[in-house]
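# A structural walkthrough
Each chain is listed here by its residues.
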Amino acid sequence: MAIQLSKDKIDEAINTIIEYGGDGIQRCVQCGACSSVCPGVQAGFPVLCRLLIKKLQDGLLEDIIEEQSSWGCQNCNRCTEVCPQGVRPQEVVIAFRRYQANELAFSTSTVSAQMQLHDIGHAVFTEAGELREGVGLPGKAPTSAYNEKAQEEIQAILDNSPMAELGLF
Amino acid sequence: MAKVGVYVCHCGSNIAGVIDVEAVRAFAETLPDVVVSRKDLFMCSDSGQELIKQDIKDGVVDRVVVAACTPRTHEPIFRGVCESAGLNKYLFEMANIRDQSSWVHPQDPSGATEKAKMVVSSAVGKAARLKPLEDKFVDVTQKAMVVGGGVGGIFSALELANMGYKTYLVEKDPSIGGVMAQLDKTFPTNDCSACILTPVMVEAGSHPNIELMTYSEIDDVEGFIGNYNVKVRRKQTYIDWKKCTGCGACVDVCPGKAPDKFDAGLSKRSAAYIHFPQAVPKKAVVDMDSCLNCAGRKIGSEPKTSKKTGEPMYAPCEKACPADAVDRSINYNPEGEIVEVDVGTIVVATGYKVMEKDCFKELAPQHSNVMTALQLERLISATGPTGGKLLKPSNNEKPKTINFVSCVGSRDVNHHTYCSRVCCMYMIKQARLLKEKYPDLDIYMHFIDVRTAGKDYDEYYTGARRMGINFLKGKVGSIQTLDDDKMRVVAYDMEHGENVEIESDMVILATAIEQTESAKGLAQKLGLQFDGSGFFKEMHPKLGPVETATQGIYLAGCCQGPKDIPDTVSQAKGAAAAAAVPLAQGKVKIEPIISEVHAEKCSGCGICVPLCPYSAISMKTFADRPRAEIDITQCKGCGVCTATCPSAAIVLHGYEEEQIMAQIAALTS
């Protein structure tokens, strides 16, 4: 089925991305330098940087709302370094991710990471007490994971941030 | 007994990388007539040249053979060396051991070395028999002609005129201006085409050294560099241009109608018309094919008498003209008038035409909302059919969606393989102009590649992306007609890897730039050649971009290949500079390597006459019998006559029989 291009859909996609911080999207000339250096693309996430931007330029915002590739971006920012047109592709990817998040279209792995962030202040956390004691460090690291007061502060911040509107916590 | 010196060049690794130069030098020493044989890293360098000069001055040699690269680039240098050392420069011969040995046999060094020896041996054989020759000179008519009154022709004419040479500017249309006058705005500055062109047109029109010959065509050209006689046909205007003031009164009343060529066929003009509002010269013309002969006033007839009033009945144009320039009683000659002018050099700047959309059946050419880019140019021009408003031809309503299709007929083996060079830029220009004027307009541009190579051009293109113009990589394969008003554009989005379909109100085709239809006839009259793309062929694609194979004829603008305005103007000024050189010198050199008829041997058979590609041979009567005679100014030294003459009566100087036979003997012994 061929893509039906329409002004309304293109405008919506471009404006959404610009609103979420990807204002370089209209500068992209589809050279593909960003994708060539992208570790996410190398890891098998095809719709990153170039192709993601292309799909958005074609107005396919809603159509790719479930796309998982954007969550493969590691924020390494190599794309921004190599982009010859000043697009800042990473910002486009993150802008699209913001759009996805606001539509609650993120991957399950991301949900659990966000909830853990809310609970203990770490998106990813492993209990390393024994290992730490083995090398002579205190078992409980001085982080929010063992500090209720700090956890409350983090929860207060997150509850008052736009993140809370997503209804995850 | 000739004393031949042989000088073998290493040419860096070009020759020495393959050929054993010392072996060739040593072999040359053994050849008959050779008195000295030397080698140098670069014979064309100062030290190499000095070797030759010293041997000539010392009286060691009186014939010079240089075994090196090619006579195409280096023969003049070594001839100059001989001349500066006091030797006749035609006693020099070149052995081309680079092009003919090292470059073509890089895999076989010993074979290449043997071949180089033979090439040297052949050159020595000829050199030993060379005879001194003298250059000839003829005077030059210090006037120039420029054919074509577009922006290229105008600038060539202005340059020549400002240098002080009387210049004839010949233009087939009633006004100068060419295609540039039809354009709305020009990239990448978006300045108004007419605003920048009109002052230049006026300057050309009023320049004391420029004689405008508009509504004229080249009928015939005779002669050679410095001495061209051109017959110019001034087409019949049916209006006395000496009296016409360009007021347009006849245009307003004329009921005859024809498609307006200036508006790319989008509107109609009357039979009596002025080419365009800023025309130079601003004079009216009657197009007899669409003239209705109002009141029975055929050209050359006396007015009928009205039965009611008894007064003579005149045509509306005659009655309207306040300057008495329209008089249909005159029996005009429809062939016009032949004007003969003598000029020294000619610049050809005949421009281009755009391909018609009808050639592209898959792109719905019959649909009125599918138009060529030149038509859109007129549509968005303030002097165009809608006064600059973008309206669909089908119903005069504003379109919501426009698609631009690139490479229509260009980069296409079915039509033209070349890139038309300006389409990307003018499509982006049109899209930007429209987007500025109508921000709601939805614009899609389909490209194979975007080619925006000029100064400030790529910035213009990336700017267009930022304006929200949609670029798609992938050529449109088909346009489907949905109804009288809408079309579906079917393309492939290569970057996306998917088919795309777009409903569109208008489609603009960037049709190819191609050579004009009249170019073929002009080429025959001027002795011009065509390149593989059908444009006029320059002498050398890099080093002779404005010269042609015919001396004294120069090229400028799109007749030599697609070009934008900056490149056309640059080339036009370059062509003018080249065309002024013979005029400034006041005389032109005729190389003596041309043919001569020995009348006492000529049997008068006339075989040579039709064979000469330059029409240089004619039959003249000597002692009551016809004999061939060669015009030295026309002869190019090709040797066809020499090879053909059954009586061996024609000698090609510099390639005489004895010299050629010596070469053959050297190669076959």
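Below or above, wherever it landed, is the structure these notes cover. Small disclaimer: the values here were computed from a predicted structure and weren't measured.

Here the focus is the sheet that holds strand β23 (residues 401-408) of chain B. Residue and element names in this part refer to chain B. The strand order across the open sheet formed by 5 strands is β22-β29-β23-β24-β25, and the pairing between neighbours is parallel. Pairing within the sheet leaves two strands with one partner each, and these edge strands are β22 (370-372) and β25 (470-473). With strand direction ignored, the average angle separating the axes of adjacent strands in the sheet is 20 degrees. Taken together, the 5 bridges between β23 and strand β29 (residues 506-511) define a ladder with parallel strand orientation. Residue pairing for β29: Ile 402 is matched across the bridge by Met 506. Strands β23, β24 (442-447), β25 and β29 of the sheet are contacted by helix α12 (residues 423-437), whose axis makes an angle of about 175 degrees with β24.

Below, the discussion takes up the state of the cysteines. Residue and element names in this part refer to chain B. One pass over the full model with this rule turns up 1 disulfide over all chains. Note on cysteine connectivity: Cys 192 is disulfide-linked to Cys 195, with sulfurs 2.4 Å apart. Across the S-S bond of Cys 192 and Cys 195 the torsion is about 80 degrees, and the bridge reads as right-handed. Assessed through its relative accessible area of 24%, Cys 192 is described here as partly exposed. Cys 635 forms no disulfide, and the closest cysteine sulfur to it belongs to Cys 641, at a distance of 6.1 Å. On the accessibility criterion, Cys 635 (13% relative accessible area) is buried.

This part takes up the interface of chain A and chain B. On the chain B side, the residues contacting the 21 residues of chain A number 23 residues. For the pairing of chain A and chain B, the buried interface totals around 1,800 Å² over both sides, and the portion due to carbon and sulfur atoms is 48%. Broken down residue by residue, the surface that chain A buries against chain B is led by Leu5(A), Lys7(A) and Gln26(A), which jointly contribute 32%. Our count for the contact surface shared by chain A and chain B stands at 2 salt bridges. In this structure, Lys54(A) and Asp493(B) form a salt bridge, with 3.3 Å as the shortest nitrogen-oxygen distance. One can count 13 residue pairs in polar contact (both at pLDDT 80 or more) joining chain A with chain B. For the side of chain A that touches chain B, the secondary structure elements donating two or more residues are β1 (3-4), α1 (7-19) and α4 (50-57) of chain A. For the side of chain A that touches chain B, a count of residues per class yields 9 nonpolar, 6 polar and 6 charged.

Residues and elements named next belong to chain B. Read from one edge of the open sheet, 4 strands run β2-β1-β3-β4, paired in parallel fashion. Each edge of the open sheet carries a strand with a single partner, namely β2 (34-40) and β4 (92-96). Within the sheet, the average angular offset between the axes of one strand and its neighbour, ignoring direction, is 20 degrees. Bridge count for strand β3 (residues 63-68) against β4 is 5 bridges, and the pairing is parallel. Paired with Val 66 across the bridge in β4 is Met 94. The strands touched by helix α3 (residues 46-57) are β1 (4-9), β2 and β3; relative to β2, the strand with the most contacts, the crossing angle is about 165 degrees. Together, β3 and β4 form the strand contacts of helix α4 (residues 71-84), whose direction differs from that of β4 by roughly 150 degrees.

Here we come to unusual backbone geometry. Trans peptide bonds make up the majority, and among non-glycine residues the majority have a negative phi. All names here are of chain B. Looking along the chain, the bond that leaves Phe 187 and enters Pro 188 is cis, with omega of -10 degrees. One can find Pro 188 in the loop between β8 (185-186) and β9 (191-192). Between Val 280 and Pro 281 the backbone carries a cis peptide bond, its omega angle lying at -5 degrees. The topology assignment puts Pro 281 in the loop between β15 (272-274) and β16 (284-286). Notably, Ala 364 is not glycine yet its phi reads approximately 50 degrees, a positive angle. Note that Ala 364 resides in the loop between β21 (353-354) and β22. Classification of Ala 364 by relative accessible area gives buried; the value is 3%. Even without being a glycine, Asp 456 presents a positive backbone phi close to 65 degrees. Positionally, Asp 456 belongs in the loop between β24 and α13 (457-466).

About the cut-offs
Residues numbered from 1 in each chain as written. Chains lettered and ligands numbered in written order. Predicted model: local features only at pLDDT ≥ 70, side-chain atom pairs only at ≥ 80, totals over all residues. Heavy atoms only, no water. Pairing = 2+ DSSP bridges. Helix = DSSP H or I, 4+ residues; strand = E, 2+ residues; numbered from the N terminus. Axes fitted to C-alpha atoms, helices over the stretch in contact; angles between N-to-C directions. Contact = heavy atoms within 4.5 Å. Disulfide = S-S within 2.5 Å. Buried < 20%, exposed > 50% of the residue type's maximum accessible area, 1.4 Å probe, protein only. Buried area = accessible area lost by both parts, 1.4 Å probe. Salt bridge = Lys/Arg side-chain N within 4 Å of Asp/Glu carboxyl O. Polar contact = N/O pair within 3.5 Å; in protein donor to acceptor, adjacent residues only side chain to side chain. Nonpolar A, V, L, I, M, F, W, Y, C, P; charged D, E, K, R; others polar.

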